[in-house]
Structures are given as structure tokens and as C-alpha cells.
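Each chain is listed here by its residues.
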Amino acid sequence: MAVIEVQDFKKAFGKKVVHDGVTFYVKKGECLGLVGGSGTGKSVLLRSLIGLEKPDSGKIHINGADATLYTEAQWLHVRKKVAYAFQGGALFDSMTVFENLAYPLEEHTKLTALAIKDKIFKQLDEFGLAGSELLFPNELSGGMQKRVGLARAMMLEPEIILYDEPTAGLDPYNTKKIQEAILTLKAKGVTSILVTHDMPTAFAVCDKFAFLKDKRIIEQGTIEQLKQTPNSMINQFIEGQIL
Amino acid sequence: MNPYVKLPFTEWASEQFYFFGGLYNLVKDCFKEGFKRPFYWDLLSFQIYQVGVRSLPLILVTAASTGMVMALQYGLGLEKFGGKPYVPRLVASTILREMGPVFTSLMLAARVGAGIASEIGSMVVTQQVDAIRALGTSPIKKIVIPRIMACLIILPILVAISNLIGNLGGLMIGNFELGIDPNFYYQRVIETSNIGDYLAGFGKSFFFALFIAVPSCYFGLQVKNGTQEVGVATRKAVVTASLLILVGDFFLSKLFWIIEKWL
Ligand SMILES: Nc1ncnc2c1ncn2[C@@H]1O[C@H](COP(=O)(O)OP(=O)(O)O)[C@@H](O)[C@H]1O
Ligand SMILES: [Mg+2]
């Protein structure tokens, strides 16, 4: 069953058309690699999937339900199950790392303070962040901020995770950490979309790929399927060259 | 018509149209969400501290100076006509009705309005507002309502404090510069100030609180991207809040006079 389904999605900002008929779906437990040049609207597409942007036309289905016309209040419920890992982490800079991770738990669960603490320290360990719980975001490196952002997005154990360039600009150590985290979640059956330029990570975690170009998805499928395509840009991509 | 030549008036008018439309929507959202759980009391108390306690020194200095300068001017001006005994009453009613609420609100517009707009604007730029939404929570509840409520609660209290300090300043100058006996000054203030003086000033302060908090939140949230816009939003917040206070003051004064006559 398709957990995420987007049909004929159109979106423009003023006169600038970003998407003009984007169609794709992701099945349960799959990871879709969403690839495209800078400014092709990958972030806008992901943001639309949790209602941060409204489509001009087209349909968005989440877990089989038509979410196109959801109100903000309805989206608030969806977002407990669908996590969005922001490109820059988007940490609350008035809160410590601990408080950032506690935020979703305090909002949406009835866990005791002790249980929350327990969960957070486990999560910090898993993301290689042990010992940084009392630091503020501005005291962290870019890589650590991204990892905290990712850790926060995963606190509620979501069914769907949207990763917006989770490894962009990171050193190999941080990249590997994040790759491992994504694979761990995938093993648990989480459905995800990964926007990335980092091909080794994409190949390591994605089941299929969709190419965003000229306001549309120009090609999609598994690696095997894509090898058959005559499109030279995609061939280069599959051979691991820079897009 | 050449599309590059915009008539200044139509541009201005459409801007105002969007501004008041935006304010209306923001207030509507606050009413829609404000009465639903959860209530973030801790955020409210933090904002009360930020808006109230941290603004207190500024308000004290403003109020004392206002009261002192008014006593001085009225005193020296009325001396020729033997009007010195009227100084306490004049200073008191001007402070209670106008100077207390207006100056306190203007100082708060500068301090708190700028703070609110720039803080919210920066949160938008760094995607923290998006993050609040993405984590299944409402920016209206998390950011806007605590700030508006804090201003609504704090401003009347600050105005009351400011009234007190302003009159004390007047009393001091009345004593030292004009030679009015402090006891006489005190008695005159108490005898001549009526409940209408208090209520007019007090009633205004609720409106002024909204004039400060609502546009400041609005302009902060209007920031799209770039730190440059944060500066613009801050400027607009302070200018708009101050203008609303000054222009609104006239109409509110008129309104309260009408209400008083009526009672
Ligand atoms: N809120 C917005 N207002 C206006 N234009 C926007 C907005 N958000 C995105 N855009 C435009 O949409 C295009 C796609 O942006 P984005 O999705 O961030 O690209 P990317 O694929 O690099 O993630 C860009 O040209 C950007 O300028
Ligand atoms: Mg992007």
C-alpha cells in the first residue's frame, strides 16, 4: 500500500512556478531517494507533505487519507506520525539539547519526567551525542546540530520520516553516523523520503529514486529499472557522477 | 499605464489593506486557539517576566521625569496667575489620563515591540517557527498568545506604577522648586482626582497593550527569509505600535469622555 501518494502536484510562489504536475508514491517501509538540482523544489515538496506549504492543485494522500485540504489543526495530528528533519536542524536556540529533545515528548506523550529523561539519554547515545545534553545549539558544530535535529524528529517514533539533505556539508564521521541512524529506522519499517546530493548514502539506504527536473519528476524507479533509461543525465547519476 | 510607475497612494492603500487583514486573521487565530488545551502557563510567566519585570527600570525613569517636568512647567507657567495650588490637580489628571498610559506604552512599544518582532522574525528565518509546526504544535499558542497575554496583563500594572511614580515626581518638584507643602500636594491629588481619571487611563492601557503586541507578532511572523527582513520587521513594529498608540489615544480619550458623561 502506498503510504505517501502525490498526484499532479502543482505549486507556484507568485509568478514563479516551482512544481507543475509532480506525481509519485512511496510504499510502506520503502525509502525513496528524491534527487534534483539546487532550487528545483525538493524542500518545497517535502514541506508540502507535512502541510507546511499548501499545494495550488493536485492531491496528497498520507496513509491512505486525502490530506490535500487538511486544516492546520488536522495537520497537527498528522505531524505526530510524520517527522520532518530540517536541512539545518531548526533547533530551538533558547533551549538546551536536552530540552529540544524533550519538546515532542512533553507535547504529545504522557511519559513521566523520568521516562523522558531515559528516552533522551538513549537517543543521545544512539546519535553519538552523549555528554552534550546541557549545551545550547549555538555551542554545537553544524554536524552536531543536524544530528540533534534528526534525533528530535525521531523522538516520537514516527511512521514516516522526511529527510531534507541530512548529510549535506558533513564530514565522513557525521555522514556515517546519520547513515546508520537512517538504516536503523528503515529496519524498523519506517517509510521515508531522502532528499540528498550524497550519492553513497543514497545508494546505501534508498530502494528507489525519483528525479526532479523542469518542475516534474522526469524518471523514477529502482536502480535496475533506471539502468534501462536512455536519459544520459540519469545514467551519469547512476554511475555515481555528480548531478 | 506603465506598470513600473506605481501610484504611491494605491501602493500605500493596498499595504494598509493587507496589514489590517493580516491583523484580523492573527487575532482570529488567537481566539480560535486560545481557549483550547494545552495552555502554556510557563511560557506566559516567562513573557510576563520579560515584558514586565525587565521593563520596570525604564518605566520608573520615564514616569518620574514626566511627573517632574510637568510640575515644573505648570508651576512656573501658573505662578504669574497665582495658579500654583492647581498644580497637583493638573499634574495628577494629566498623568492619570494621558501621560502615564501613553508614555509607558510608547516606551514599551520601543522596548517590547522591537523585541517581539525581532525575536519572532529570527525564529522564522532559522526555521524554528516551521519546526514548532512540524513537531505538531501551534506557533500561535507557543509564540503569539503568551506575548499578547503578557502585554495585556503587564501594561495596566506598569501604568499604575507609572501613575504613582509620576505623581511622586510632581510632588517632589512641587515641594523643592515651587514650595508647595507635600501634605497639601498629597491631599489635593487625592481630593481632586476622580474615579474617571483612573478608569480612563486604566481602560486605555488594555487597548495600548494590544496595539503593541499584535502588530509586533504580526510583523515578526511576516518575515520570510533573510536577516535583512528582521530589521525591517522590527522597524515596522515599533513605528506601527507607536502610531496606533498616539492616534488611538485621541479616539480612546474621546470615547472615555463620552462614557463618563453617560454614567
Ligand atoms: N516561501 C517561498 N516564497 C517564495 N519562493 C520560494 C519559497 N520557498 C521556496 N521558494 C522558491 O522555490 C524554489 C525551490 O526551493 P527549494 O524547495 O528550497 O529548492 P531545493 O530543491 O534546493 O530544496 C526556489 O527557487 C525558491 O526560491
Ligand atoms: Mg532544499
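Below is a short write-up of the structure.

Parameters at a glance
Residues numbered from 1 in each chain as written. Chains lettered and ligands numbered in written order. Predicted model: local features only at pLDDT ≥ 70, side-chain atom pairs only at ≥ 80, totals over all residues. Heavy atoms only, no water. Salt bridge = Lys/Arg side-chain N within 4 Å of Asp/Glu carboxyl O. Buried < 20%, exposed > 50% of the residue type's maximum accessible area, 1.4 Å probe, protein only. Pairing = 2+ DSSP bridges. Helix = DSSP H or I, 4+ residues; strand = E, 2+ residues; numbered from the N terminus. Axes fitted to C-alpha atoms, helices over the stretch in contact; angles between N-to-C directions. Contact = heavy atoms within 4.5 Å. Patch = residues over 30% accessible without salt bridge, like charges linked within 9 Å, V, L, I, M, F, W, Y side chains within 5 Å. Areas by Shrake-Rupley, 256 points an atom, 1.4 Å probe, with all protein chains shown as cover. Buried area = accessible area lost by both parts, 1.4 Å probe. Polar contact = N/O pair within 3.5 Å; in protein donor to acceptor, adjacent residues only side chain to side chain. Nonpolar A, V, L, I, M, F, W, Y, C, P; charged D, E, K, R; others polar. Parallel < 35°, antiparallel > 145°, perpendicular 65-115°, else oblique. Left-handed = near helix turned anticlockwise from the far one by under 90°. Expected span 1.5 Å × (residues − 1). Core = buried A, V, L, I, M, F, W, Y, C linked by side-chain atoms within 4.5 Å.

Attention now goes to the pattern of salt bridges. All names here are of chain B. Following the criterion strictly, the structure yields 20 salt bridges over all chains and no others. The partner of Lys-84 in a salt bridge is Glu-79, and the shortest N-O contact between them spans 3.5 Å. Looking at Lys-84, the relative accessible area reads 24%, which means it is partly exposed. Taking the relative accessible area as the measure of exposure, Glu-79 reaches 40% and is therefore partly exposed. Connected via shared salt-bridge partners are Arg-89, Arg-97, Asp-197 and Glu-260.

On to the sheet that holds strand S10 (residues 216–221) of chain A. Residues and elements named next belong to chain A. Read across the open sheet, the six strands follow the order S6-S7-S8-S3-S9-S10; overall the sheet is mixed. Single-partner strands in this sheet number two, and they are strand S6 (82–85) and S10. For this sheet the average axis-to-axis angle between neighbouring strands, irrespective of direction, equals 15 degrees. Each of strand S3 (31–36), S6, strand S7 (160–164), strand S8 (191–195) and strand S9 (208–213) touches helix H1 (residues 42–49); the most contacted strand, S7, lies at about 155 degrees to it.

A word on a nonpolar patch on the surface. Residue and element names in this part refer to chain B. On the surface, Val-239, Leu-243, Leu-246, Val-247, Phe-250 and Phe-251 cluster together into a nonpolar patch covering about 610 Å² of accessible area. With respect to the helices, strands and loops of the structure, Val-239 is situated in helix H9 (residues 227–262). Overall, Val-239 belongs to the partly exposed group, its relative accessible area being 46%.

Looking now at the interface of chain B and chain A. Each partner contributes residues to the interface: chain B has 15 residues there, and chain A has 19 residues. Carbon and sulfur atoms make up 54% of the surface buried where chain B meets chain A, a total of about 1500 Å² over both sides. The three residues of chain B that bury the most area against chain A are Gln-128, Arg-133 and Leu-135 of chain B, which together make up 41% of that side's buried surface. Linking chain B with chain A are three salt bridges. A salt bridge links Asp-130 of chain B to Arg-47 of chain A, with the nearest nitrogen and oxygen atoms 2.7 Å apart. Taken together, chain B and chain A are joined by 10 residue pairs in polar contact (both at pLDDT 80 or more). Broken down by element, the side of chain B that touches chain A gets its largest block of residues, six residues, from helix H5 (residues 128–134) of chain B. Residue composition of the side of chain B that touches chain A, grouped by class: six nonpolar, six polar and three charged.

Residues and elements named next belong to chain A. Following both chains from N to C, one finds helix H3 (residues 97–108) and helix H5 (residues 142–153) inclined at 25 degrees, their axes separated by 8 Å at the closest point. Of the possible angle classes, the one that applies to H3 and H5 is roughly parallel. At the point where H3 passes H5, the crossing takes the right-handed sense. Where H3 abuts H5, its residues Val-97, Asn-100, Leu-101 and Pro-104 lie against Val-148, Ala-151 and Arg-152. When the residues that make up the contact of H3 with H5 are grouped by side-chain class, the tally is five nonpolar, one polar and one charged.

All names here are of chain A. Taken together, four strands build an open sheet; the order of strands is S2-S1-S4-S5 and the sheet is antiparallel. Every interior strand has two partners, whereas the edge strands, strand S2 (16–27) and strand S5 (65–66), have only one. Relative to strand S4 (residues 57–62), strand S1 (residues 2–13) runs antiparallel, the two sharing five bridges. Directly across from Gln-7, in S4, lies its bridge partner Lys-59. Across the sheet, H1 lies against S1, S2 and S4, angled at about 125 degrees from S1, the strand it touches most.

Attention shifts here to H5 of chain A. The end-to-end C-alpha distance of H5 of chain A, which contains 12 residues, comes to 17 Å, matching closely the 16 Å that a straight helix rising 1.5 Å per residue would cover. The buried fraction of H5 of chain A is high, at nine of 12 residues. Packing partners of the buried residues in H5 of chain A comprise S6, H3, helix H4 (113–126), S7 and helix H6 (172–187) of chain A together with H5 of chain B.

Below, the discussion takes up the nonpolar core. Counting residues in hydrophobic clusters, the biggest one holds 83 residues, and the most contacted among them are Ile-4, Phe-24, Leu-49, Leu-162 and Ile-193 of chain A together with Leu-108 of chain B. Among the elements that make up this core, the one with the highest residue count is helix H6 (residues 139–176) of chain B (11 residues). In this view, Ile-193 of chain A contacts Ile-4, Phe-24, Val-26, Leu-32, Leu-34, Leu-46, Leu-49, Ile-161, Leu-162 and Tyr-163 of chain A; residues no more than four positions away in its chain are not counted.

What follows covers the pairing of S4 of chain A. The side chains of a regular strand alternate between the sheet's two faces. Residue and element names in this part refer to chain A. The pairing of S4 with S5 spans two bridges and is classified as antiparallel. For Ile-62, the partnering residue across the bridge sits in S5 and is Ala-65. The turn linking S4 back onto S5 is made up of two residues, and Asn-63 within it adopts a positive phi angle of 55 degrees.

Take it as geometry only, folks, not as evidence of what the structure does.
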